[in-house]
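Structural overview
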Amino acid sequence: MADDVSDHLSANAASGEERGTRIYRSGGTNPGNFRMRQGESGVSFRDSLSNPIDAKANPPLKSGPYVVVDVRKLPAGTVRYDSDPRGHVTVVALPEAIRAAIVDKGKLP
C-alpha cells in the first residue's frame, strides 16, 4: 500500500521533490468551483493554507470557505506542483473527480 501511495504522488509531482498529500482551494464544494475557466490550463490550488506575499491585492485563498483535497484520490498525472507563484498547484481533472477527493473543509477569517 505504501508503494502505491509513493507511486501516485510521484506521478502527480512535477519533480522528484517530496510533496504533501493535501492541497487547498478557496470556495465550497459546488462542482462549479472545480471547473476550468476558458483560457486556463487547470484549476488552481495551494500546497498549504497560505497566500503569496505579493498577492495582497488579490489573494488566492480569500476569507470564507475553503476545501482540502487529497491528491492521492485524484487520477494519476492530474496534479502539477508548478509553484507559479510559489505554492501554486494546478489540477487538470474533471470537477467530479476533484469533488470526490475532498477530505476536509474549513473557513478562513
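Definitions and limits used
Residues numbered from 1 in each chain as written. Predicted model: local features only at pLDDT ≥ 70, side-chain atom pairs only at ≥ 80, totals over all residues. Heavy atoms only, no water. Helix = DSSP H or I, 4+ residues; strand = E, 2+ residues; numbered from the N terminus. Buried < 20%, exposed > 50% of the residue type's maximum accessible area, 1.4 Å probe, protein only. Contact = heavy atoms within 4.5 Å. Areas by Shrake-Rupley, 256 points an atom, 1.4 Å probe, with all protein chains shown as cover. 1 Å grid on protein atoms, 1.4 Å probe; cavity = no way out; pocket = protein on both sides within 12 Å on 5 of 7 lines; lining within 4 Å. Points joined across faces, edges and corners; volume = space filled by probe spheres on them. Nonpolar A, V, L, I, M, F, W, Y, C, P; charged D, E, K, R; others polar. Pairing = 2+ DSSP bridges. Salt bridge = Lys/Arg side-chain N within 4 Å of Asp/Glu carboxyl O.

Moving on: the overall build of the protein. Looking only at helices and strands, one finds 2 helices and 6 strands in the protein. Moving toward the C terminus, one meets the helices and strands of the protein in the order α-β-β-β-β-β-α-β. Looking at the protein residue by residue over its 109 residues, the buried ones come to 36%. Taking the intrachain contacts of the protein between residues at least 6 apart in sequence as the baseline, contacts between residues at least 24 apart amount to 71%. Total accessible area on the protein is roughly 6,600 Å²; 49% of this is exposed by carbon and sulfur atoms.

This part is about the layout of surface pockets. Taken as a whole, the largest pocket encloses approximately 450 Å³ of empty space. Along its surface, the largest pocket is lined by 19 residues, and Arg-25, Arg-37, Glu-40, Ser-44 and Pro-60 are the ones closest to its centre. Listed by contribution, the elements that provide at least two residues to the lining of the largest pocket are strand 1 (22-26), strand 2 (43-46) and strand 5 (88-91). The leading source of residues in the lining of the largest pocket is strand 2, at 4 residues. Looking at the lining of the largest pocket residue by residue, the class counts come to 6 nonpolar, 7 polar and 6 charged.

Moving on, we get to the pairing of strand 3 (residues 64-70). Counting buried positions along strand 3 yields 6 of 7 residues, so the element is predominantly enclosed. As paired elements, strand 1 and strand 3 share 5 bridges and run antiparallel to each other. Counted as the bridge partner of Arg-22 is Asp-70 from strand 3. When strand 3 meets strand 6 (residues 102-108), the two strands line up antiparallel, connected through 6 bridges.

Looking now at the pattern of salt bridges. In the structure shown here, the tally under the stated rule is 3 salt bridges. Arg-72 is the partner of Asp-70 in a salt bridge, and the nearest nitrogen-oxygen pair spans 2.7 Å. The class for Asp-70 is buried, based on a relative accessible area of 6%. Residue classification places Arg-72 among the partly exposed positions, given a relative accessible area of 38%. Note that Asp-82 is salt-bridged to Arg-80, the shortest N-O span being 3.8 Å. Overall, Asp-82 belongs to the partly exposed group, its relative accessible area being 26%.

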